[in-house]
Amino acid sequence: MTPPSDSLRDQLAELIAIPSVSADAAHAADIEAAAAWVAGRIRDGGGAAELVPWGARPLVIGEIPASVSPESAPTILCYAHFDVQPADPLELWESPPFELTQRDGKLWARGVADDKGNLFTLVEAARQLAAEGSLPVNVRFAFDGEEEIGGNSIVEWLEQDEGRADAALILDGAMSSRELPIFYVGVRGMLYFHLHVRTGTTDMHSGMFGAAALNATHALMSALANVVPRADGYLPAELRAGAIPPSEEELAAWAQLPSGSEQLSHYGATPIASGAGEDFYLRTFADTALDVNGIASGSPDLVKTVLPVEARANVSIRLAPGQDPDAIRAAFERLVREGLPDGAELDITLKNSGRPALTPTDASAIRIAGDAFEHVIGARPLLVRTGGTLPIYAGLVARGLPTLATGFGIESECNVHAPNENVPVGALELGVATLRETFLRLGELGS
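Residues numbered from 1 in each chain as written. Predicted model: local features only at pLDDT ≥ 70, side-chain atom pairs only at ≥ 80, totals over all residues. Heavy atoms only, no water.

Over the atoms rolls a probe the size of a water molecule, and its path tells where empty space is left. Volume-wise, the second largest pocket comes out at about 540 Å³. Elements supplying a minimum of two residues to the lining of the second largest pocket: helix 4 (153-160), strand 15 (345-354) and helix 13 (391-398). Here the element with the most residues in the lining of the second largest pocket is helix 13; it accounts for five residues. Tallied by class, residues from the lining of the second largest pocket come to ten nonpolar, eight polar and six charged. (1 Å grid on protein atoms, 1.4 Å probe; cavity = no way out; pocket = protein on both sides within 12 Å on 5 of 7 lines; lining within 4 Å. Points joined across faces, edges and corners; volume = space filled by probe spheres on them. Helix = DSSP H or I, 4+ residues; strand = E, 2+ residues; numbered from the N terminus. Nonpolar A, V, L, I, M, F, W, Y, C, P; charged D, E, K, R; others polar.)

Looking now at the pattern of salt bridges. What the rule picks out here adds up to 21 salt bridges. A salt bridge links E94 to R103; the shortest N-O distance between them is 3.2 Å. Using a relative accessible area of 18% as the deciding quantity, one classes R103 as buried. Across the pair R140 and D161 runs a salt bridge, and its minimum N-O distance is 2.9 Å. Of this pair, R140 sits in strand 6 (residues 138-144) while D161 sits in the loop between helix 4 and strand 7 (167-171), and the two are 21 residues apart along the sequence. For R140, a relative accessible area of 9% gives the class buried. Salt bridges sharing partners connect three or more residues here, namely R367, D371, E374 and R380. (Salt bridge = Lys/Arg side-chain N within 4 Å of Asp/Glu carboxyl O. Buried < 20%, exposed > 50% of the residue type's maximum accessible area, 1.4 Å probe, protein only.)

Strands pair in a sheet through their backbones, by hydrogen bonds, and they do so in one of two ways: parallel or antiparallel. Ordered by their spatial adjacency, four strands build an open sheet running 12-14-10-15, and the pairing between neighbours is antiparallel. The open sheet has two edge strands with one neighbour each: strand 12 (289-297) and strand 15. Taking each pair of neighbouring strands and ignoring which way they run, the sheet shows an average axis angle of 15°. Pairing between strand 10 (residues 189-198) and strand 15: nine bridges, direction antiparallel. (Pairing = 2+ DSSP bridges. Axes fitted to C-alpha atoms, helices over the stretch in contact; angles between N-to-C directions.)

So, in structure tokens, the structure goes:
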């Protein structure tokens, strides 16, 4: 029997009330408490779960087995996270952030959209089907408590995991609107560099040495000019190599998203080039982006006529699905060094690297899950990529698993990472009903 809505909300409220803020060491005990609550929820549903120590914060690893013949049933590996962002600034909240509150047709609380609400619906759907004896798949859970601080523990665990899996489901996303779900089927990768240029031993008087001595700021600018976007907003061909173009199905889905011009206007952004609004999703979902995230040299704020001999910059590259991080790294370093003036010394340090990933839109698991969402919600999910980097997604795809990411908040409304985080009042029930149907239909993977 499906619990009434009030019961589900009361149960979610227990998890919401635990302030599991991973960014604040003072909440370390709350991270443990949230992990224990989630593990207990899985066990109460007839499954097994344990807290697995991994770095500073535990993982929750568990499973609810298929009701019949679990040894031969398909297995779905599911991910979500139980940590949340800090609630600051508290004065901007209209209700206590760790108290689930209903008003104005919405549920309000920190974590209700990102990601405790999604996690709860995932576990609850499997619990209900298991209690009814009708769960056709093994549902494995791998949850972490450090997603909000970019922790890598779940990816490290995944690399060592030898358990079964036929498909992967990430519940850490949102819907395009109350009537239109989204499946994220691709993520971009990441290369993050620190550049350090030296052109001498000490800063000099620009009047006495200008036009005679090499300026480190100029040298860094010359090196970066070889890799930054051209007049059309696109990068040199060497940095775009290997990108997989979108399928016709993806292009049709992207055409239903808010226009790129609207997206740019919403943030008061200036288009990088003519046509950037029209090509917004091609540029941000399926192409390579390079940005100078910070640059420092000399004295940018004071009147100080110095010729700097040291300059630094941080540069990130978002890799499109299909690209090889090692190949793009080599191309970037070669191009930067080719643009460096003779005599300048350049150190390049790779600070972070993550692979891009893409699940083919014709994968059986994507089709079956899409059928389930369409049956319950009334609209087929839009198959989109994300311009961001999600290491767990890439890790799952690297294992050969068709993977989708989704969720039940409203992308443009839910105030993720901001005060007054919210989801529609019916999101919890919709999520449980949709995931029940998804698990039921994914039993076809074993046919």
